[in-house]
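What follows is each chain in one-letter form.
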Amino acid sequence: MLLSSTPLLSNRASFFCRPTFGLFSARRNLTVSSCSLYNFPNNGKRAKSILHFEENERRRLLLVFLVASGLSTALPSSGKTKKQNPYDEKRLLEQNKRIQRENNVPDDFPNFVREGFTVNVVTSDKYVKRDSGLILWDIAAGTGDCPKDGQQVTFHYIGYNESGRRIDSTYLQGSPAKVRMGTNALIPGFEEGIRDMKPGGKRRIVIPPELGPPVGPSTFFSSKQFEVFDVELLSIQDCKRRTIGFYSDVVCS
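Residues numbered from 1 in each chain as written. Predicted model: local features only at pLDDT ≥ 70, side-chain atom pairs only at ≥ 80, totals over all residues. Heavy atoms only, no water.

Side note on the environment of Pro-209
Then step 1. Along the chain, Pro-209 turns up in the loop between strand E10 (202-207) and strand E11 (227-237).
Then step 2. Sequence separation between Pro-209 and Gly-189 is 20 residues; the distance between their C-alpha atoms is 9.0 Å.
Then step 3. Filtering out sequence-adjacent residues up to four positions away, Pro-209 remains in contact with Lys-224, Gln-225 and Phe-226. (Helix = DSSP H or I, 4+ residues; strand = E, 2+ residues; numbered from the N terminus. Contact = heavy atoms within 4.5 Å.)

See the structure below:
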């Protein structure tokens, strides 16, 4: 805005007004005329009125600039958002039970309600959950001592996935499995579940993914799921190392 003044010899207030071409808008040119106060020695009220007028003009120009340049404050939108359906746990539970019935699962088999990466394990009161996440059910108690590191355990097992489909069985293979404890030969959840069993005992072990087998293209398992194993511990053998010449092995009996 251009402001100019011309001195006068009298004591009266005088103005020199010049039109000022302001901001350019997409619709029209705004022409603003303003006058500057030169001298008001005896009229303070009129001086304040002129200053107030100039302040309002500056505010109006600022508002026009914001509107013309698209910098006005955005208004909140009130569009409708799509509501997500509530989590239907009952429906998913019935679906898992139906699939398990088709796979002829044994009695009191745990149910798995999966929603994305979250899995809720539904079991009867016969099961016990440990702090590690392992879930156990002692079907039959054994007798004797529990296996120790370095000892060999002989056991039968049947493995199931979440849908109750059988994935492995030593009964079908015709011979039990034999593994030395403490050698990392078993997945962590399986070794924890069998470590406090006694010979003759039968236990169902529900292994969470964090205690299960590794997942990848080079392994049998393609996704992180719960695994269920029915285990029957047959016997425990002591083992000792035997060396003959340059040959050395471990013998368990």
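Side note on the pattern of salt bridges
Then step 1. Applying the stated criterion across every chain yields a total of 11 salt bridges.
Then step 2. When the shortest N-O distance is used, the salt bridge between Asp-149 and Arg-195 registers 2.9 Å. Within this pair, whereas Asp-149 is found in the loop between strand E6 (135-140) and strand E7 (152-160), its partner Arg-195 is found in helix H4 (residues 188-195), the two being separated by 46 residues in sequence.
Then step 3. The exposed category is assigned to Asp-149, whose relative accessible area is 53%.
Then step 4. Of the charged contacts in the structure, one is a salt bridge between Arg-242 and Asp-249, with a shortest N-O distance of 2.8 Å.
Then step 5. Judged by its relative accessible area of 39%, Arg-242 falls in the partly exposed class.
Then step 6. Overall, Asp-249 belongs to the buried group, its relative accessible area being 15%. (Salt bridge = Lys/Arg side-chain N within 4 Å of Asp/Glu carboxyl O. Buried < 20%, exposed > 50% of the residue type's maximum accessible area, 1.4 Å probe, protein only.)

Comments concerning the environment of Pro-147
Then step 1. Note on placement: Pro-147 falls in the loop between E6 and E7.
Then step 2. Separated by 51 residues in sequence, Pro-147 and Lys-198 have C-alpha atoms that sit 7.5 Å apart.
Then step 3. Those residues in contact with Pro-147 that lie beyond four places of it in its chain are Val-153, Met-181, Ile-194, Arg-195, Met-197 and Ile-236.

A few points about the side chain of Glu-191
Then step 1. Following the sequence through the fold, Glu-191 ends up in helix H4.
Then step 2. The buried category is assigned to Glu-191, whose relative accessible area is 10%.
Then step 3. Excluding residues within four positions of it along the chain, Glu-191 makes contact with Met-181, Gly-182, Asn-184 and Leu-186.

A look at the confidence of the model for the chain
Then step 1. Looking at the chain, the pLDDT average stands at 76 and 63% of residues meet or exceed 70.
Then step 2. The element-level mean pLDDT for the chain is lowest in strand E1 (residues 17-24), coming to 39, with E10 highest at 97.
Then step 3. Predicted confidence for residues 1-42 stays below pLDDT 50, and this span has 61 contacts to residues more than four positions away or in other chains.
Then step 4. Confidence over residues 72-86 falls short of pLDDT 50; this stretch has 1 contact with residues more than four positions distant or in other chains. (pLDDT = per-residue confidence, 0-100.)

Regarding unusual backbone geometry
Then step 1. Of note, Asp-108 is a non-glycine position whose phi angle comes to about 55°, a positive value.
Then step 2. The exposure class of Asp-108 is partly exposed, given its relative accessible area of 31%.
Then step 3. Phi at Asn-184 is positive, roughly 60°, even though this residue is not glycine.
Then step 4. Judged by its relative accessible area of 72%, Asn-184 is exposed.

A word on the nonpolar core
Then step 1. Counting 18 residues, the largest nonpolar core has Phe-155, Tyr-157, Phe-190, Ile-194, Ile-207 and Val-231 as its most contacted members.
Then step 2. Listing elements by their share of this core, those giving two or more residues are E7, strand E9 (177-180), H4, E10 and E11.
Then step 3. Excluding its chain neighbours within four sequence positions, the residues that come into contact with Phe-155 are Thr-170, Pro-176, Ala-177, Val-179, Leu-186, Phe-190, Ile-194, Val-231, Glu-232, Leu-233 and Leu-234.
Then step 4. Counting 10 residues, the second largest nonpolar core, distinct from the first, contains Phe-109, Tyr-127, Tyr-160 and Val-228. (Core = buried A, V, L, I, M, F, W, Y, C linked by side-chain atoms within 4.5 Å.)

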